[in-house]
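The primary structure of each chain is shown beneath.
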Amino acid sequence: MAEDIIVKGTDVTVSFMNKVGNRKEKKTVLDGLDFDVRRGEILGLAGESGSGKSTLAKAVLGMVPLERGKIESEVTNPQMIFQDPYSSLNPAKTISWIMQEPLKLGKKKYSSEERLSKVEEMLCEVGLDAGYMQRKPGELSGGQRQRICIGTALMQAPGLLIADEPVSALDVTIQAQVLDLMREIHRKKKLTILFISHDLRTMYNFCDRVMILQKGKIVESGKPYDLYRDPKEPYTRLLLESAGII
């Protein structure tokens, strides 16, 4: 792979068997995708529900088998932030316990004091403080929970952060705050982010590059300014018109 490419997909195809009445029917969710993820970029993945965005993310993580094609990756320790911060955290555990778990699972061994110190540092990085360590998720707002999810994902210094609709469950004001946090983390850590969203307005200001998916195919990709100013594909134009951008 080229030096700046950390993930490269070639002819990536994923299908699932769905039960239709008394028979099973194959549904192709990703259909022959060629793509790459470049070191240090924020790559946006856009498209309607069912276009294959989340399946592509899971394929990059090795969570779904490929029917055809291959994904080459130089990424160590990829991590994922999920859409719903209300269901992503164990409600029975404290924030300290939740954020220490990645450190317990890694190859490097930390003492309990070191783990607590790292949790406190990470809480500070995501805009919270040590006072949250003994709280449980039910005591936190949606925005605070998503900050905990981001901090937990960052505990092992991931080579790739996949954010699957990370702000769609939050209100507009909190969305902006969480996106600002992710942008600042990206700047400080030079982190590579795969950002999945249906919100093209958010992607314009947040992403370095955008790929448009339609029914499991990449129909267009490019820098947001170029893509939004002069879309080549009717589907891209339709999405932009639906969002009131053009």
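Here the structure is shown first, and the text comes after it.
About the cut-offs
Residues numbered from 1 in each chain as written. Predicted model: local features only at pLDDT ≥ 70, side-chain atom pairs only at ≥ 80, totals over all residues. Heavy atoms only, no water. Pairing = 2+ DSSP bridges. Helix = DSSP H or I, 4+ residues; strand = E, 2+ residues; numbered from the N terminus. Axes fitted to C-alpha atoms, helices over the stretch in contact; angles between N-to-C directions. Contact = heavy atoms within 4.5 Å. Polar contact = N/O pair within 3.5 Å; in protein donor to acceptor, adjacent residues only side chain to side chain. Buried < 20%, exposed > 50% of the residue type's maximum accessible area, 1.4 Å probe, protein only. Arc of directions from axis to C-beta. Core = buried A, V, L, I, M, F, W, Y, C linked by side-chain atoms within 4.5 Å.

Draft legend 1. How the structure looks around the sheet that holds strand 4 (residues 68–73). Spatially, 2-1-4 is the arrangement adopted by the three strands of the open sheet, whose pairing is antiparallel. Across the chains shown, the open sheet's two edge strands, defined by having one partner strand only, are strand 2 (23–38) and strand 4. Direction aside, the axes of adjacent strands within the sheet are offset by 25° on average. Relative to strand 2, strand 1 (residues 5–20) runs antiparallel, the two being bridged by 12 bridges. Bridge pairing in strand 2 links Val14 to Leu30. Helix 1 (residues 53–60) rests against strand 1, strand 2 and strand 4 of the sheet, and its axis sits at about 70° to strand 2.

Draft legend 2. Region of the structure containing the side chain of Arg209. Its location among the elements puts Arg209 in strand 8 (residues 209–214). From its side chain, Arg209 meets the backbone oxygen of Asp36 in a polar contact 2.9 Å long. Not counting the four nearest positions on each side in its chain, Arg209 is found in contact with Asp36, Val37, Arg38, Glu41, Ile42, Leu43, Gly44, Gly222, Lys223 and Pro224.

Draft legend 3. Representation of the environment of Lys223 in the model. By the element assignment, Lys223 lies in the loop between strand 9 (217–222) and helix 7 (224–229). On the basis of relative accessibility, which here comes to 56%, the residue Lys223 falls in the exposed class. Residues Lys223 and Val167, 56 residues apart in the sequence, show an inter-C-alpha distance of 22 Å. When neighbours within four sequence positions are excluded, Lys223 is seen to be in contact with Asp208 and Arg209.

Draft legend 4. Broad picture of helix 8 (residues 234–242). All buried positions along helix 8 are accounted for by Tyr235, Thr236, Leu239 and Leu240. Each buried residue of helix 8 lies within a common arc of 135° when the element is viewed along its axis, so the set occupies one face. Among the exposed residues of helix 8, those pointing more than 90 degrees away from its buried face are Pro234 and Ser242. Elements that come into contact with the buried residues of helix 8 comprise helix 6 (200–206), strand 8, strand 9 and helix 7.

Draft legend 5. Fine view of the nonpolar core. If you look at the biggest cluster of nonpolar residues, it comprises 45 residues, and the most contacted ones within it are Leu123, Ile150 and Phe195. Sequence-distant contacts of Phe195, that is, excluding residues within four places in its chain, are made with Ile42, Leu43, Gly44, Leu45, Ala163, Pro166, Leu179, Met182, Thr202, Met203, Phe206 and Cys207.

Draft legend 6. How the structure looks around helix 1. Among the eight residues of helix 1, six are classified as buried, and the element is accordingly described as predominantly covered. For helix 1, the set of buried residues is Lys53, Thr55, Leu56, Ala57, Ala59 and Val60. One or two residues past the end of helix 1 sits Gly62, with phi positive at roughly 80°.

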